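Per-entry structural report
Okay, here's what each chain looks like letter by letter:
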Amino acid sequence: MNTGIDEMSHQSHETAHDDHHDHKPSGFLNRWLYTTNHKDIGTLYLVFSLLMFFIGGCMAMVIRAELFMPGLQLVEPEFFNQMTTMHALIMVFGAVMPAWVGFANWMIPLMIGAPDMALPRMNNWSFWILPFAFTMLLSTLFMDSGGPASGWTLYPPLSLQGGQSFAFVVFAIHMMGISSIMGSINVIATILNMRAPGMTLLKMPLFVWTWLITAYLLIAVMPVLAGAVTMLLTDHFFGTSFFNAAGGGDPVMFQHIFWFFGHPEVYIMVLPAFGVVSEIIPTFSRKPLFGYTAMVYATASIAFLSFIVWAHHMFTVGMPLTGELFFMYSTMLIAIPTGVKVFNWVSTMWKGSMTFETPMLFAIGFIVLFTIGGFSGLMLAMAAADLQYHDTYFVVAHFHYVLVPGSVFALMAGAYYWLPKWSGRMYSEKWGKIHFWLSVISVNILFFPQHYLGLAGMPRRIPDYSTQFADFNMISSVGGFIFGASQLIFVGVIVHCVYKSRQAASGRVWEGAKGLEWTLSSPPPYHSFNTPPVIDRTTVAHAQELD
Amino acid sequence: MKKQNTFIVAAAVTAAVIAAFWLLLVAPGYTGNEINMPRGVTLQSELSYQLHMITLWICVVIGVIVFSAMFISIVLHRKSKDHEAARFTHSTRAEIVWTIIPVIILVVMAVPATTALVNMEVAPETEMTVKITGFQWRWKYEYIEDGIEFISSLHSESNAARRLISGIDPSAVENYLLDVDNPMVLPANTKVKFLITADDVIHAWWVPALGWKRDAVPGFINEAWTEVLEPGTYRGQCAELCGKDHGFMPIVLKVVPKEEYRDWVRQQQRKMAQEQAGLTDTRKALGHETGDDVQPQTLARVGSGK
Amino acid sequence: MLMTEKDKMQAQRTGAIRTAWQLAVVAVLIFFAFILSGVLGR
């Protein structure tokens, strides 16, 4: 269409013209502390989350070092429990979730043709709360009563045995929750109100869809977590007995409330991963995403179902049989839309024209290894068998498979995929591939033996174990050390790409890439889309209606 | 197919056949110990094990099918082999098929899943009751009908070896971290009801050979049951984080023939009577009235140095 | 009446702020609902 192309070149000319005018704020504080720009805020989230990955990772190294051999060699049991608790809190709330928010900030406006997020000042606050929250959380490790040591699930009465530092844990969680809620409000307001004309909902990239749905999940469940930890706080310090049986309360009620948050939470961590994989596979298969509409419906179904499965985390707590059966069936059901997504990804690859750059390698790794995590999840859903699996390393293996070679691999895939767009430079493909291969091999050495440990009878959250568990623990620890070290390569690749790489990236970057973000320069101008872009076949990857 | 592709596919098929061979013939021999869930010694453990194996096999088959499709595609449909991308974008029929088939598989799985759970959870008429109380960090067992009770704590040898930099090699300790001073003793082939609770925080009582675990929640009583079909010694651990020594409060269950059990009960009753007599003396010596203020478990706690 | 670019952007912003408030109210209501459930569930 002539008009379309003319408009596009006119618009890109406009953007280039604007480039001379819109300069980034001068001064470090002005640029980073006061920023309302979605790209800079995205960068802040991503850098923050990378730092938190290494902090949480160090805690994992302490854990794997202590578990390297039977016997206690390095830390006291109390400190070990602080490590397991903090490792999870940091990874879940400080690494994975902020990383996905960082991707949302960077990519959503670019993908829908919006100039920025809907509420740019609130966006700034959403980020800057986090460093304070996590400083507070980490500082509890240095307080007299020590950091939280009751597991990230904070079950009472055990969590109520913590000392004064527990108040800071609760406040930190409140702050993180407020940050997430504000961020999600921003995402929804942006997606619903600021799409470029012609960008209907069913033309949006799948990554935007998955974030739209994730944002609703966040708003629904973060307040629930806030309620739960507030009740812990008042039980601990203000004499209430929500969860204290002696006062008429019920410790199990906490578990219900917590997991009502907790289960959707794990889907919050994984839905954006589904979105990223759905962007990457089509690009490197040079074929459109198979079954776009089905993928949208499948994501929505997963989100809906995630609200009615929570008690599968509580099969041993003494629930009535009917309850256990209901939650078993609903949990089994979630396998259906998840399977549909996997089949659609494979169908996207099928009869494509594939190349295997680093983003594609991580995306394929995700599909295989997340699916394995899904299988152990299906096994866990079988309540009668779960009476043996629960609270063992089988569970630890399951959730690490879906989170590490699951969500984290998707984060890395997305980072490699969009880094050239963000920085304007190509990363070292050789080192990217080395990072991938080291990671994928070591992550399996780290987590696969943990399935066996759980089946053989090793419980979770223990600093020392009986000698029959020694071999697989040692193997797992070695995998852990290699995996941790390999992530330094990731940092090296990023730093080299941003500061040293001499290979410029084109606008399109990847041959098969389709979508609005690739119509901008690399890096995009500080203010992209001052005028709305034109939406047509050349700028939209997912347009089943256009076919 | 080009020669290179044929080779890769042939190698993959060979690997798959070898893996299938191993899985079918060798792996099922791995029960218990290092790799697989134990078959156990009760009806419940057998049900749990079978459900576990059925689900595992179904997952393996689905995984092999899906990953083979992916692998074949990765080998054949690549740009470097000059494969040109097809243009199809969707297929409603495919979506329906690969939704319906998994639903059918799940419905089929739900049948043994349901019967297993019902059989495991619904208690039959039981012949005796043991009340289990979790403490930080030991278990108390009370035999309701026979009137005996005692504390079961980590065996002193393990307790010494597990200290930070104790200098003692764990492999030198027999049943390291899985041994106690006073094991629970039960008669074989007897339906036993358990009443499980806790005194301070949530614990969980778990003996893998029995096939289940149950949370011990303070202020609430959870019911469970078992019937152990084979005499022997079975070991388990606390399975809910309960504080610093969560990893150091194991469970040992000695299942003996009914006659031997009755002998043991008589022995325990005698021991308790002696302790009561000793307590009365101690109370009198301390100048207390004879009352319930000094409990056997206090003596036990004092005795173990905690 | 033809909407200028500026009008359209203003309308977008108003719509966005309305959405934001609605969601914030929902979040706060959920928070109190679960505290209430805690009170009632005792």
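Residues numbered from 1 in each chain as written. Chains lettered and ligands numbered in written order. Predicted model: local features only at pLDDT ≥ 70, side-chain atom pairs only at ≥ 80, totals over all residues.

For the rest of this paragraph, the subject is the overall build of chain B. Helix and strand counts for chain B stand at 6 helices and 10 strands. Per-residue burial over chain B gives 35% buried out of 306 residues. Counted over contacts in chain B with a minimum sequence separation of 6, partners at least 24 positions apart contribute 67%. (Helix = DSSP H or I, 4+ residues; strand = E, 2+ residues; numbered from the N terminus. Buried ≥ 20, exposed ≤ 12 C-beta atoms within 10 Å, placed from the backbone. Contact = placed C-beta atoms within 7 Å.)

With that settled, the discussion passes to the interface of chain C and chain A. Listed as interface residues are 16 residues of chain C and, on the opposing side, 24 residues of chain A. Each residue belonging to the side of chain C that touches chain A can be placed in one class, and the counts come to 10 nonpolar, 5 polar and 1 charged. (Nonpolar A, V, L, I, M, F, W, Y, C, P; charged D, E, K, R; others polar.)

A few words now on unusual backbone geometry. Residue and element names in this part refer to chain A. Cis peptide bonds are those with omega within 30 degrees of zero, and the linkage from Pro156 to Pro157 qualifies with -5°. Mapping Pro157 onto the fold places it in the loop between helix H5 (120-139) and helix H6 (165-193). Cis geometry marks the peptide bond from Ser522 to Pro523, where omega comes out at -5°. Mapped onto the elements of the fold, Pro523 is located in the segment after helix H15 (470-500).

Residues and elements named next belong to chain B. Taken together, the 5 strands give an open sheet; going across it, the order is S3-S2-S1-S5-S8, and neighbouring strands pair in mixed fashion. Each edge of the open sheet is held by one strand with a lone partner, namely strand S3 (148-152) and strand S8 (222-226). Strand after strand, the sheet turns through a mean of 20° between neighbouring axes, direction not considered. Bridge analysis of strand S2 (residues 138-143) against S3 gives 5 bridges, and the strand direction is antiparallel. Directly across from Trp139, in S3, lies its bridge partner Ser152. (Pairing = 2+ DSSP bridges. Axes fitted to C-alpha atoms, helices over the stretch in contact; angles between N-to-C directions.)

This paragraph deals with the interface of chain B and chain A. Every contact between the two is made by 78 residues of chain B and, on the other side, 77 residues of chain A. Mapped onto the side of chain B that touches chain A, the elements with two or more residues apiece are helix H2 (43-76), helix H3 (92-121) and strand S7 (212-216) of chain B. Its residues assigned to classes, the side of chain B that touches chain A shows 42 nonpolar, 21 polar and 15 charged.

Residue and element names in this part refer to chain B. Scored by pLDDT, chain B has a mean of 87; 83% of the residues are at 70 or more. Across residues 296-306, confidence stays below pLDDT 50; counting only partners more than four residues off in sequence or on other chains, it has 8 contacts. Quick note on the complex model: pTM equals 0.90, ipTM equals 0.91. (pLDDT = per-residue confidence, 0-100.)

Moving on to the nonpolar core. If you look at the biggest cluster of nonpolar residues, it comprises 266 residues, and the most contacted ones within it are Val208, Ala228, Val277, Ala363, Phe366, Ala384 and Ala413 of chain A. Both domains that furnish three or more residues to this core are identified here as domain 1 (2-79 + 96-121) and domain 2 (128-256) of chain B. Those residues in contact with Ala363 of chain A, other than ones at most four positions away along the chain, are Val277, Ile280, Ile281 and Ala413 of chain A. (Core = buried A, V, L, I, M, F, W, Y, C linked by C-beta atoms within 7 Å. Domains from an automatic or database assignment.)

The subject of this paragraph is the domain arrangement of chain B. Residue and element names in this part refer to chain B. Taken domain by domain, chain B holds domain 1 (2-79 + 96-121), domain 2 (128-256) and domain 3 (265-304). Opposite the 9 residues of domain 1 that make contact, domain 2 presents 12 residues. Among the elements that line the side of domain 1 that touches domain 2, the one with the most residues is H2, at 4 residues. Partitioned by chemical class, the residues of the side of domain 1 that touches domain 2 number 4 nonpolar, 5 polar and no charged.

Helix packing for two helices is described by the angle between their axes and how far apart those axes are. Residues and elements named next belong to chain A. Interaxial distance between helix H14 (residues 429-456) and H15 falls to 8 Å at its minimum, and their mutual angle equals 155°. As far as their axial angle goes, H15 and H14 are roughly antiparallel. In the crossing of H14 with H15, the sense of the turn from one axis to the other is left-handed. Residue composition of the contact of H14 with H15, grouped by class: 17 nonpolar, 11 polar and no charged. (Parallel < 35°, antiparallel > 145°, perpendicular 65-115°, else oblique. Left-handed = near helix turned anticlockwise from the far one by under 90°.)

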